[in-house]
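# Observations on the three-dimensional arrangement
The chain contents come next:
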Amino acid sequence: MIRYDNIIRESTLGLIAVGALSLSVHAADTKSDDNRPNILFILSDDHTSQAWGIYGGILADYAHNPNIRRLAAEGTVLDNCFCTNSLSAPSRASMLTGMYSHENGLYTLADTLDTSLPTFATVLHDAGYATALMGKWHLKSQPQGFDKYSVFYDQGEYRDPTMIDSSDPWPGDRNFGERVRGFSTDIVTDRAIEWIKEQNGSKPFLMCCHFKATHEPYDYPIRMAGLYEGVTFPEPHNLMDFGPETNGRSFKGQTLEELSRRWTEASKDPDKWWCRYPGLPFSVYGLHPAVARRQAYQKLIKDYMRCGATIDDNIGRLLDTLDDLGIADNTIVIYVSDQGYFLGEHGFFDKRMFYEEAARMPFVIRYPGKIKAGARNSDLILNIDFAPMLCEFAGTKMPSGQGRSFVGNLRGETPSDWRKEFYYRYWTTHVERPSHMAVRTDRYKLIFYYGARLGMTDCEDITYTPSWDLYDLSKDPYEDHNVYGEKEYAPVVKDLKKTMLRLRKEAGDTDMASPEMEKIMSEYYW
């Protein structure tokens, strides 16, 4: 077990923390007849379940996560929460709108969220909530439904990020805003706390606190540099999966060798690289491929876990603020990541693919007295369910959307007709990660890699022969063996293909306007 009592905060953060406890305005001081809950929605980027500690796994004993564990002990953890498109901007759009990508129009990282679409922020704002957004937005169009926002330009930077305030003209694609000195995760928390303290309790609030962490380049503040010093992390059992020939999968994937290449190139001239990686220089020159991969894995995990520990620190600051203001009992606190991430499993990093590590969204929610403390829920929950759930807790409804509120599920009253399977689609296509659609049940996962661009943005024009993967999650939870072509699974494949067509139709994702996709379906689906 790792000891963390040797972690020393920078003096600047210490001053910030002291300031946060000097509460000039207490939200509880002004009484109101409005008993609707406040909502603190904390969202991180790529902070995968393997690194949360509360989901078990080989990293559980290494995770510096006292505040995530606190939320889990005081709230409910979702064990089967998934995104419907494992990519940051599309997943965030689905969370906000309660719609699949083909309904909200945000398919890839290069798309823009339509400002006319209702989101849980616009609905709660119209219902009388004070609303604010701090941190990562990443949806290109101007945030709607917020009384105040202070967001990163584009994806944001870890150190001294550019912040665009709601009082500024919306810059479009221009790098315009205020350069704020400090570490981004701390800065976002500072601004969230400041705004929460300004609320006088006359009406409930929605605070969306969105971190850049743990997105690549997995940076961390100086106070975390000593964390995991001298530690050798355990490896996933399939770290040495070097290609499709290993498990029969239908795609190459983005491997740790690519991350090594990026670190090596950035080491030559950090000022010319697109991001600032910590811990450079790095080189695996001349090493055996297996040794080189292990070196890359150890660096990734140390950087990533330090980055995640910084999130946990700041979750603690937010929870302390609610306690100090006396509003914790009537505040819903949610911590969730926009999708998962590969941490060496199958030799991968990044996300996008419909493997469990990438598609699963770690999620914990606390609402004292209203949902059970220390509970786990195993129902299939999707990111399109978040908006209707938040609106129901706030006493209102989403006017449109495809998701379904899971308030009853959280109270231990799962509806008898709750979903038993769900549909997934990743629209971006590249050589190593082709576009695909999929269906997942409690036991099986069937994936159809069609690999066509279909007019999408941010894609490559590739030549790819459509193919299939099937995984039996009860026998193969780590998806090490594609059983699609095995005779004993033929009836399962047939049923799942029918299920996928049904779910596509129910979701309204029919590709009726795409002759290319119709041709692919007719030639390769059955």
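Predicted model only: the values in this text are computed from it and were never measured.

Before going further, it helps to examine the overall build of the protein. On a plain count of helices and strands, the protein comes out with 14 helices and 18 strands. Scaling as 2.2 N^0.38, a compact globule of 526 residues should have a C-alpha radius of gyration of about 24 Å, and the protein matches this with 23 Å. For the protein, the spread of C-alpha atoms along the three principal axes comes to 70 × 55 × 45 Å. Considering the protein as a whole, with its 526 residues, one finds that 61% of them fall into the buried category. Across the protein, every contact between residues at least 6 apart in sequence was considered, and the portion connecting residues at least 24 apart equals 71%. For the protein, the exposed area adds up to about 20,400 Å²; of that, 50% sits on carbon and sulfur atoms. Both charge centroids of the protein, one from 59 positive and one from 74 negative side chains, sit 1 Å from each other.

Right, let's talk about helix H11 (residues 386-393) for a bit. Most of H11 is tucked away, with seven of its eight residues classed as buried. Turning to H11, its buried residues number three or more, namely Phe386, Ala387, Pro388, Met389, Leu390, Cys391 and Phe393. Gly395 occupies a position one or two residues after H11 and carries a positive phi of about 80 degrees.

Predicted coordinates in regions of low pLDDT should not be interpreted in detail. In the predicted model, the protein carries a mean pLDDT of 93, and 93% of its residues have values of at least 70. Predicted confidence for residues 1-30 stays below pLDDT 50, and this span has 50 contacts to residues more than four positions away or in other chains.

This model, assessed by the stated rule, comprises 35 aromatic pairs. Relative to Tyr341, the ring of Tyr218 has its centre 6.1 Å away and its plane inclined at 75 degrees; by these criteria the two rings are edge-to-face. Note that Tyr218 is positioned in the loop between strand E8 (205-210) and helix H7 (244-247) and Tyr341 in the loop between strand E9 (331-337) and strand E10 (342-343), a separation of 123 residues in sequence. Residue Tyr218 shares its accessibility class with Tyr341, and that shared class is buried. Summarising the aromatic geometry, the rings of Phe342 and Phe348 are spaced 5.1 Å apart at their centres and angled 75 degrees between planes, so their arrangement reads as edge-to-face. Grouping aromatic residues by their ring pairs yields a cluster made of Phe251, Phe342, Phe348, Tyr355, Tyr449 and Tyr471. Residue placement shows Arg293 over the ring face of Phe242; its charged tip is 3.8 Å from the ring centre.

What counts, and where the lines are drawn
- Note on numbering: residues in each chain are counted from 1, in written sequence order.
- With pLDDT at 70 or above as the cut-off, local features in this predicted model cover only qualifying residues; side-chain atom pairs require 80 or more to be listed or tallied, and sums for whole chains, interfaces and linings still use all residues.
- Excluded from the side-chain calculations are hydrogens and water; all other atoms, namely the structure's heavy atoms, are used.
- What counts as a helix is a DSSP run of H or I of at least four residues, what counts as a strand is a run of E of at least two, and both are numbered from the N terminus.
- Note on method: radius of gyration uses C-alpha positions; expected globular size equals 2.2 Å times residues raised to 0.38.
- Residue exposure (1.4 Å probe, protein chains only): buried if accessible area is under 20% of the type maximum, exposed if over 50%, otherwise partly exposed.
- Note on contacts: a residue pair qualifies if any of its non-hydrogen atoms lie within 4.5 Å across the two residues.
- Reported accessibility uses the Shrake-Rupley method at a 1.4 Å probe radius. Residues are deemed covered only where the shown protein chains occlude them.
- Counted as positive: Lys and Arg. Counted as negative: Asp and Glu. His and the chain ends are not counted at all.
- Just so you know, the charge point we use is NZ for Lys, CZ for Arg, CG for Asp and CD for Glu.
- One confidence number per residue, pLDDT, is output by the predictor and ranges from 0 to 100.
- The rule is short: rings of Phe, Tyr and Trp, with Trp giving its six-membered ring, pair when the centres are within 6.5 Å, and they are stacked under 30 degrees, edge-to-face over 60, tilted in between.
- Any Lys NZ or Arg CZ that is within 6 Å of a ring centre and within 35 degrees of that ring's normal is treated as a charge sitting over the ring.

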